[in-house]
Amino acid sequence: MGKEIERKYLVTDGWRDATDGPGTEMRQAYLSTDPRATVRVRVAGDRAWLTVKGLTRGIERDEWEYPVPVADAIAMIERCGSDALSKCRYRSGRWEIDEFHGSLEGLVVAEIELSSPDESIILPAWIGEEVSDDPRYYNSSLARAGVVPGR
């Protein structure tokens, strides 16, 4: 079992110039959005994963992630995933920047994985408001709502 410790922020202008290269298109669906056990299937390029995430406590939660065959992941998304989203993920150093597509177009969120909840980080100039504690910005909530919060 792993631990996911991450902080999440809205992104302002200038982030594209900071990316480390082209992004990776992702499609993901949620098989369960129960906060105690969120289950996600994701296809990113030619790879796929099944991920189970436990209850979020602050910026920390349990996480189990397993590679699955891409064909199986696509079938799960199409047949079992009621809440889905698509996005392109870019990297900038340790930062992951997600630019959402479809009904979430215009939303850009950056996340950084930490080694401990109190790890000190330097925020790039393109980082905006922190939304780590706002459940509306959990990917599972975004997929379920299908709209950008506040719109």
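This text gives an overview of the structure that appears in the document. (Residues numbered from 1 in each chain as written. Predicted model: local features only at pLDDT ≥ 70, side-chain atom pairs only at ≥ 80, totals over all residues. Heavy atoms only, no water.)

1. Brief notes about the pattern of salt bridges
At step 1: Counted according to the given criterion, the structure contains 15 salt bridges.
At step 2: The salt bridge partner of Asp-98 is Lys-87, with a shortest N-O separation of 2.9 Å. Of this pair, Asp-98 sits in strand S7 (residues 95-100) while Lys-87 sits in strand S6 (residues 83-92), placing them 11 residues apart in sequence. Like Lys-87, Asp-98 is buried. (Salt bridge = Lys/Arg side-chain N within 4 Å of Asp/Glu carboxyl O. Helix = DSSP H or I, 4+ residues; strand = E, 2+ residues; numbered from the N terminus. Buried < 20%, exposed > 50% of the residue type's maximum accessible area, 1.4 Å probe, protein only.)

2. Topic: the packing of aromatic side chains
At step 1: Scanning the entire structure with this criterion turns up 3 aromatic pairs.
At step 2: Consider the rings of Trp-95 and Trp-126, whose centres lie 5.9 Å apart with planes at 75°: the pair is edge-to-face. Of this pair, Trp-95 sits in strand S7 while Trp-126 is found in the loop between strand S8 (108-113) and strand S9 (127-130), placing the two residues 31 residues apart along the sequence. (Phe/Tyr/Trp six-rings, centres within 6.5 Å; stacked < 30°, edge-to-face > 60°.)

3. Some points on the environment of Leu-10
At step 1: Of note, Leu-10 is situated in strand S1 (residues 2-11).
At step 2: Separated by 102 residues in the primary sequence, Leu-10 and Ile-112 place their C-alpha atoms 12 Å from one another.
At step 3: Ignoring anything within four residues of it in the chain, the contact list for Leu-10 reads Leu-107, Val-108, Val-109, Trp-126, Ile-127, Gly-128, Glu-129, Val-131 and Tyr-137. (Contact = heavy atoms within 4.5 Å.)

4. Points about the pairing of S7
At step 1: Counting buried positions over the 6 residues of S7 gives 6, a clear majority of the element.
At step 2: Burial along S7 is two-sided: Trp-95, Ile-97 and Glu-99 facing one way and Glu-96, Asp-98 and Phe-100 facing the other are all buried.
At step 3: Bridge analysis of S6 against S7 gives 6 bridges, and the strand direction is antiparallel. Directly across from Arg-91, in S7, lies its bridge partner Glu-96.
At step 4: As consecutive antiparallel partners, S6 and S7 are separated by 2 residues, and within that stretch Gly-93 has a phi angle of approximately 60°, a positive value.
At step 5: The pairing of S7 with S8 spans 5 bridges and is antiparallel. Bridge assignment links Glu-99 to a residue of S8, and that residue is Val-108. (Pairing = 2+ DSSP bridges.)

5. Side note on the side chain of Arg-61
At step 1: Along the chain, Arg-61 turns up in strand S5 (residues 60-67).
At step 2: Among the polar contacts listed, one links the side chain of Arg-61 to the side chain of Glu-4, at a separation of 2.8 Å.
At step 3: Side chain to side chain, Arg-61 and Thr-56 meet in a polar contact 3.4 Å long.
At step 4: If we skip the residues at most four places from it in the chain, Arg-61 touches Gly-2, Lys-3, Glu-4, Lys-53, Gly-54, Leu-55 and Thr-56. (Polar contact = N/O pair within 3.5 Å; in protein donor to acceptor, adjacent residues only side chain to side chain.)

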